[in-house]
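Notes for the structure review
Okay, here's what each chain looks like letter by letter:
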Amino acid sequence: MPHPIMYRDDDPGLARLRRIALGYPETFEKISHGRPVFCAPKMFAVYGGSSKTTGAIVPYPHALLVKVDESERRALEQDARFFYPMYLGPSGWLGLDFGAAPVDWDEVGELVDASFRLVAPQRLIRRLDGD
């Protein structure tokens, strides 16, 4: 049984994230577990997620999930806009809740860029950098 779709195509946050994420070399979007996922070929960004806090599942339908470098993790975790996503958190991912504060799209671009660089093959990173 497939997962239900957990986003709306007309979501303006998703539209802005698509413009950012699909601008990376050889990036494509697919639906996984009911959510838009951006890959190159490995997953580097997800729109929407959830967290498990004190036994309850908290949905974040308007959020960005990205892989973060361990050197950045501690600082990001101190920011109340970020959450530890179910399933992906143990693999080095954090979520940015778009509903927690006005979205800084420059920051979103930096997070997506850093996540892309952590998971993409070196040839795509060289292509991104113009080498």
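Use the structure listed above.
What you see is a predicted model, and the numbers here were worked out from it, not measured in a lab.

1. Some details on the overall build of the chain
Scanning the chain from terminus to terminus reveals four helices and six strands. Secondary structure elements of the chain, listed N to C terminal, follow the sequence α-β-β-β-β-α-β-β-α-α. For the chain, the C-alpha radius of gyration of 14 Å lies close to 14 Å, the compact-globule estimate for 131 residues. In terms of principal-axis extent, the alpha carbons of the chain reach across some 45 × 35 × 30 Å. The buried share of the chain, taken over its 131 residues, is 45%. With an accessible surface of roughly 7500 Å², the chain has 54% of that area assigned to carbon and sulfur atoms.

2. A short note on the nonpolar core
Residues Phe 44, Leu 64, Val 108 and Phe 116 are the most contacted members of the largest nonpolar core, which totals 27 residues. Counting only elements with at least two residues in this core, the list comes to α1 (12-21), β3 (43-53), β4 (56-67), β6 (93-97), α3 (105-119) and α4 (122-128). Looking at which element gives the most residues to this core, the answer is α3, with six residues. If we ignore the near neighbours within four places in the chain, the residues touching Phe 116 are Tyr 24, Pro 25, Thr 27, Ala 40, Phe 44, Leu 124, Ile 125 and Leu 128. Membership of the second largest hydrophobic core comes to nine residues, among which are Cys 39, Ala 63, Phe 83 and Leu 88.

3. Remarks on the environment of His 3
In this fold, His 3 is placed in the segment before α1. Among the residues examined, His 3 registers a relative accessible area of 45% and is labelled partly exposed. Residues His 3 and Ser 32 lie 29 residues apart in sequence; the distance between their C-alpha atoms is 8.1 Å. With residues up to four places along the chain from it excluded, the contact list for His 3 reads His 33 and Gly 34.

Parameters and conventions
- Residues numbered from 1 in each chain as written.
- Predicted model: local features only at pLDDT ≥ 70, side-chain atom pairs only at ≥ 80, totals over all residues.
- Heavy atoms only, no water.
- Helix = DSSP H or I, 4+ residues; strand = E, 2+ residues; numbered from the N terminus.
- Rg over C-alpha atoms; globule rule 2.2 N^0.38 Å.
- Buried < 20%, exposed > 50% of the residue type's maximum accessible area, 1.4 Å probe, protein only.
- Areas by Shrake-Rupley, 256 points an atom, 1.4 Å probe, with all protein chains shown as cover.
- Core = buried A, V, L, I, M, F, W, Y, C linked by side-chain atoms within 4.5 Å.
- Contact = heavy atoms within 4.5 Å.

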